[in-house]
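Per-entry structural report
Residues per chain, in single letters:
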Amino acid sequence: MGHERETTEWLRRHLGRSATVGRRLVGGVTSDVWLVETDDRAAVLKRVTDDDWLAERPDGIDYEARILRWLAIGPIPVPGVLAVDATGSETGSPSLLLTFIDGEPAGDAASPEAWMAPLVDTAVGIASLDPPDWVRPFRRYLEPSQAVPPTWAIDPGVWSDAIELVRESAPPARNGFIHRDFHPWNVLWNESVVGVVDWSQASVGPISMDVAHCRANLAMGFDAGTADDFKSRWESRTGLSHRAYWDLVTCIDFLPDWRPSARENQRLEEWVRHLQP
């Protein structure tokens, strides 16, 4: 971890002189996440490390902190905000210091049968929130007009067909508050849902996007049947219909930040094929 001395000093100002950076926790494409240990408690340090993402969203850490503070008064369990270095002036990278939640990513902690119903309940709960007017509107990460089949595609035609489908007009969908990166590896589990993390992309838009993002991760992490089970349960729970259009939008959205490996490439392409008539 870069700027270790500055970061440690910043942590100790907020947590006391015993604060030290521990093991690296699960992180995302744009950030690193670290356990912070003290004599009497643990915390979590999130540091944004992706320069391209920072150039596009220089206020990303500040925005996520604002989202978390708003969520803290509601029914969705989220980590508390302890400190914010929005620009990285104190730690070298924009950083967020959060309370520690004693749980593991649901996708790693138990089988889908254990957490599928609570996962659906959590998605429904997020969509039921009434967001303040400063929450950003939904946007795609890749406009369909700019999309092309990935160079690693085994069957480029499958991707070409998917791109043509998402270039069509979007079907009607209910708008609401969305996490925008909702899946069982951003949901912490300890015999129940104990936390939802990584809110940097939270926005207002089609609530089917959270269903779609979760389904894509379920399909790649488990199988298409697990993803379809989530959809069926969500539709039964809400009385709404989820359209495959949003699943394909999600798959195309993955491409700008996709870190290809042979297994993940194959699983994603199989999912894209599964979604098409």
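Our subject is the structure listed above.
Heads up: these notes are all about the structure in this document. (Residues numbered from 1 in each chain as written. Predicted model: local features only at pLDDT ≥ 70, side-chain atom pairs only at ≥ 80, totals over all residues. Heavy atoms only, no water.)

This part is about the nonpolar core. By size, the foremost hydrophobic cluster in this structure holds 71 residues, and its most contacted members are Phe-177, Trp-199, Phe-230 and Ile-252. Ranked by residue count, the leading element in this core is helix α7 (residues 208-221), at eight residues. Setting aside residues up to four positions removed in sequence, Ile-252 forms contacts with Leu-142, Ala-147, Trp-159, Ala-162, Ile-163 and Val-166. Ranked by size, the runner-up nonpolar core spans ten residues in total, among them Leu-11, Leu-15, Ala-43 and Leu-97. (Core = buried A, V, L, I, M, F, W, Y, C linked by side-chain atoms within 4.5 Å. Buried < 20%, exposed > 50% of the residue type's maximum accessible area, 1.4 Å probe, protein only. Helix = DSSP H or I, 4+ residues; strand = E, 2+ residues; numbered from the N terminus. Contact = heavy atoms within 4.5 Å.)

Time to look at unusual backbone geometry. The phi dihedral of Arg-180 falls on the positive side, at around 85°, and the residue is not glycine. Relative to the elements of secondary structure, Arg-180 occurs in the loop between β7 (175-178) and β8 (187-189). For Arg-180, a relative accessible area of 3% translates into the label buried. In this model, Glu-191 sits at a positive phi of 70°, which is unusual for a non-glycine residue. With respect to the helices and strands, Glu-191 occurs in the loop between β8 and β9 (193-196).

What follows covers the pattern of salt bridges. Tallied over the full model, the rule gives 16 salt bridges. Between Lys-46 and Asp-198 there is a salt bridge, and its shortest N-O distance comes to 3.0 Å. On the criterion of sequence distance, the pair formed by Lys-46 in strand β3 (residues 42-48) and Asp-198 in the loop between β9 and β10 (203-206) is long-range, its members being 152 residues apart. Judged by its relative accessible area of 7%, Lys-46 is buried. Here Arg-263 makes a salt bridge to Glu-264, at a shortest N to O gap of 3.8 Å. A residue is classified by how much of its surface remains accessible, and Glu-264, at 30% relative accessible area, is partly exposed. Here the salt bridges do not stand alone but share partners, grouping Lys-46, Glu-64 and Asp-198 into one network. (Salt bridge = Lys/Arg side-chain N within 4 Å of Asp/Glu carboxyl O.)

A few words now on the environment of Ser-169. In this structure, Ser-169 sits in the loop between α6 (156-166) and β7. A relative accessible area of 70% means that Ser-169 is categorised as exposed. Expressed as a C-alpha distance, the spacing of Ser-169 and Tyr-245, which sit 76 residues apart in the sequence, is 9.6 Å.

According to the stated counting rule, one finds nine aromatic pairs in the structure shown. Seen from their ring centres, Trp-152 and Trp-159 are 5.7 Å apart, and the 85° between their planes marks the pair as edge-to-face. Here Trp-159 falls in the buried class, since its relative accessible area comes to 0%. A cation over an aromatic ring shows up here: Arg-66 above the ring of Trp-134, its NZ or CZ 4.1 Å from the ring centre. The ring centre of Tyr-141 lies 4.1 Å from the NZ or CZ of Arg-180, which sits over that ring. (Phe/Tyr/Trp six-rings, centres within 6.5 Å; stacked < 30°, edge-to-face > 60°. Lys NZ or Arg CZ within 6 Å of the ring centre and 35° of its normal.)

So, on to the packing of α7 against helix α10 (residues 262-275). Helix-helix packing is characterised by the crossing angle of the two axes and by the distance between the axes. As a packed pair, α7 and α10 sit with axes 9 Å apart at the nearest point and diverge in direction by 125°. In terms of their interaxial angle, α7 and α10 are classed as oblique. When you trace α7 past α10, the crossing you get is right-handed. On α10, the residues touching Arg-215, Ala-216, Ala-219 and Met-220 of α7 are Arg-263, Glu-264, Arg-267, Leu-268, Trp-271 and Leu-275. Each residue belonging to the contact of α7 with α10 can be placed in one class, and the counts come to six nonpolar, no polar and four charged. (Axes fitted to C-alpha atoms, helices over the stretch in contact; angles between N-to-C directions. Parallel < 35°, antiparallel > 145°, perpendicular 65-115°, else oblique. Left-handed = near helix turned anticlockwise from the far one by under 90°. Nonpolar A, V, L, I, M, F, W, Y, C, P; charged D, E, K, R; others polar.)

Across the interface, α7 lies against helix α9 (residues 244-254) with an axial gap of 8 Å and an inter-helix angle of 65°. What the angle tells us is that α7 and α9 run roughly perpendicular. As α7 packs across α9, the resulting crossing turns out to be right-handed. Residues Ser-208, Met-209, Ala-212, His-213, Arg-215, Ala-216, Asn-217 and Met-220 of α7 lie in contact with α9, whose contacting residues are Trp-246, Asp-247, Val-249, Thr-250, Asp-253 and Phe-254. Looking at side-chain class alone, the contact of α7 with α9 contains seven nonpolar, four polar and three charged residues.

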